[in-house]
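# Per-entry structural report
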Amino acid sequence: MYEATKDSAEKTRGQQLKDDLFYRKKNVYEESNAEKIGDIYAYADGYMRYLDESKTEREAVKESIAMLEKAGYREYRFGDPLSVGDKIYYNNCNKSLIACFIGRADLHQSGIRIVAAHVDSPRIDLKQNPLYEEAGMGFFKTHYYGGLKKYQWTALPLALHGVVVRADGTEVSVRIGEDEKDPVFYINDLLPHLGADQGSKPLSSAIAGENLNILVGGLPFADEAVDEKIKLGVLHYLYEKYGITESDFVSAELCAVPAFRARDIGFDRAFIGAYGHDDRVCAYPALTALIDKKDEEQTVMVVLADKEETGSQGNTGMQSCILSDMIDEISRAFSRSPARVRNASLCLSADVSAAYDPNFAEVYERRNSAMISCGTTMSKYTGARGKSGTNDASAETVARIRQMLNARGVMWQTSELGKVDQGGGGTVAMFISRMNIKTVDLGVAVISMHAPYEVISKADLYTMKEAILAFYEER
Ligand code: MN
Ligand code: MN
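Residues numbered from 1 in each chain as written. Chains lettered and ligands numbered in written order. Predicted model: local features only at pLDDT ≥ 70, side-chain atom pairs only at ≥ 80, totals over all residues. Heavy atoms only, no water.

Now for the overall build of the protein chain. Across its full length, the protein chain holds 14 helices and 23 strands. On C-alpha atoms alone, the protein chain measures out to a radius of gyration of 24 Å, which is about the 23 Å that the 2.2 N^0.38 rule sets for 475 residues. Across its three principal directions, the C-alpha atoms of the protein chain cover 90 × 70 × 45 Å. By residue count, 51% of the 475 residues in the protein chain fall in the buried class. Partitioning the contacts of the protein chain with sequence separation of at least 6, the portion at a separation of at least 24 is 76%. For the protein chain, the exposed surface amounts to about 22,600 Å²; the carbon and sulfur share of it is 51%. When the 56 basic and 69 acidic side-chain charges of the protein chain are each reduced to a single mean position, those positions are 6 Å apart. (Helix = DSSP H or I, 4+ residues; strand = E, 2+ residues; numbered from the N terminus. Rg over C-alpha atoms; globule rule 2.2 N^0.38 Å. Buried < 20%, exposed > 50% of the residue type's maximum accessible area, 1.4 Å probe, protein only. Contact = heavy atoms within 4.5 Å. Areas by Shrake-Rupley, 256 points an atom, 1.4 Å probe, with all protein chains shown as cover. Lys, Arg positive; Asp, Glu negative; His and termini not counted. Charge placed at Lys NZ, Arg CZ, Asp CG, Glu CD.)

In structure tokens form, the structure reads like this:
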């Protein structure tokens, strides 16, 4: 028999108490009207364009600078004068970027609102002497970059991106495999018919790192007098097209990335599939919120870092002095103590988390996992085992962010990566908090993280931007 549902005025005492006392995650789509869902989908379109243009850290920096310049940001060099209202960016070797808006608020009181995301993603780098031929095929030797599952990178169309600096110091940039008419590249895998031995190996060793060789050619150079004709044919092509010789690979950064474009996933288009959501899904909201913000009170900084996937070392990684230097410069420009500015600052370490996946439920602890489409996700701590390698934000810092988000009605959730002792991971949070900057992790939950094609929810992307805007504009 039909039973009318009770409206909220008719809740029992228990139902009302449950509403008031329980912590419950809510699906953003379920809580949004058609207009809001329209906004969520429209914002995703811009993000997908950014993804397609930004498959490497160099491309992300270039694309981000173009967006910033369009919004009135100008290039800054250390030592340049600064004044309130300035919109600047610092280009660190074309591989990492700091954008900054100088607000009215006293830096001793308000510090700097920092959002740090990274724009490098797992990929397949070429070795410095990569080219050889064998059995009618030309190959590039590779060295993979970041934590990837090697078996996922075979038998896929790959594009080649990067730069070559020639012997005379001139630079040529390479991007092949993104245009429909371009050729693509490929890492061979074994046919199942001969895969008996391979199939009995653990996934982690079924494909050896040294076997991730990229198929790059097969047309022999037409000259009976020479050997290694395929290799010569490839080098001849590269010389004709780019003016590079084999020794120029020594001073090159070339990498293979999936040749896929970002696409909607599902009949209802609720999700986005793409290469490199980790961590452009945080970089893009950080940038667009900076460009769109109306409030001019706070000094706001967006850091787009390189090298996160290999441990944040190197001059373009977050373990370098670059962020600290930038804070020093800004502080001195306004006769403020950099130490006190750092102490007053607040940072969102904007990086992805793992979305609970019912297909692999055994590795997640559901109550404390990020649920897809339930909003941007805050992780008080990351790390492994007994919270090793984590920032672990204080209750007070978490409370402050919580208040900011709730005041603006931003939908967010709390999460940690997975079950205790199942593994773990880290972010740049620990390298920023090391500078005496209060830092907490906030990001977007990802399905199939570090796979060549990752999945996120458009709803989570959108709430990430809302959250960052609330963070920039809080007084
Ligand atoms: Mn990441
Ligand atoms: Mn990652």
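All right, on to the nonpolar core then. Membership of the largest hydrophobic core comes to 64 residues, with the highest contact counts inside it found for Tyr50, Leu290, Leu304, Ile401 and Tyr472. Here this core takes 10 residues from helix 14 (residues 458-473), the largest share from any one element. In contact with Tyr472, other than residues within four places in its own chain, are Val115, Ala286, Ala289, Leu290, Lys293, Gln298, Val300 and Val302. Listed in part, the 32 residues of the second largest apolar core include Phe140, Ile207, Ala259 and Tyr275. (Core = buried A, V, L, I, M, F, W, Y, C linked by side-chain atoms within 4.5 Å.)

Attention shifts here to the coordination of the manganese ion (ligand 1). In the first shell of the manganese ion (ligand 1), the protein supplies His118 (NE2), Asp278 (OD), Asp351 (OD) and Asp351 (OD), at 2.1 to 2.6 Å from the metal. Motif for the manganese ion (ligand 1), donor spacing along one chain: H-x159-D-x72-D. Between the two metal centres, the manganese ion (ligand 1) and the manganese ion (ligand 2), the spacing is 3.3 Å, with Asp278 acting as a shared donor. In this pair, Asp278 sits in helix 9 (residues 277-292) while Asp351 sits in the loop between strand 15 (346-350) and strand 16 (353-354), placing the two residues 73 residues apart along the sequence. Across the pair, Asp351 and Asp278 agree in class, each one buried. (Donors = N, O, S within 2.8 Å, 3.2 Å for Na, K, Ca; no water.)

So, about the pattern of salt bridges. Going through the model one piece at a time under the given rule, you end up with 31 salt bridges. Across the pair Glu210 and Lys141 runs a salt bridge whose closest N-O atoms are separated by 3.1 Å. Residue Glu210 is located in the loop between helix 7 (203-206) and strand 10 (214-217), and its partner Lys141 is located in strand 6 (residues 137-145); the two are separated by 69 residues in the primary sequence. Of the residues examined, Lys141 reaches a relative accessible area of 18% and is grouped as buried. The salt bridge involving Asp392 is made with Lys387; its shortest N-O contact spans 3.2 Å. The partly exposed category is assigned to Asp392, whose relative accessible area is 26%. (Salt bridge = Lys/Arg side-chain N within 4 Å of Asp/Glu carboxyl O.)

For the rest of this paragraph, the subject is the coordination of the manganese ion (ligand 2). Of the protein atoms, only Asp278 (OD), Glu309 (OE), Glu309 (OE) and His450 (NE2) coordinate the manganese ion (ligand 2), at distances of 2.0 to 2.7 Å. In terms of primary sequence, the donors binding the manganese ion (ligand 2) are separated according to D-x30-E-x140-H. Residue class for His450 comes out buried when judged on its relative accessible area of 16%.

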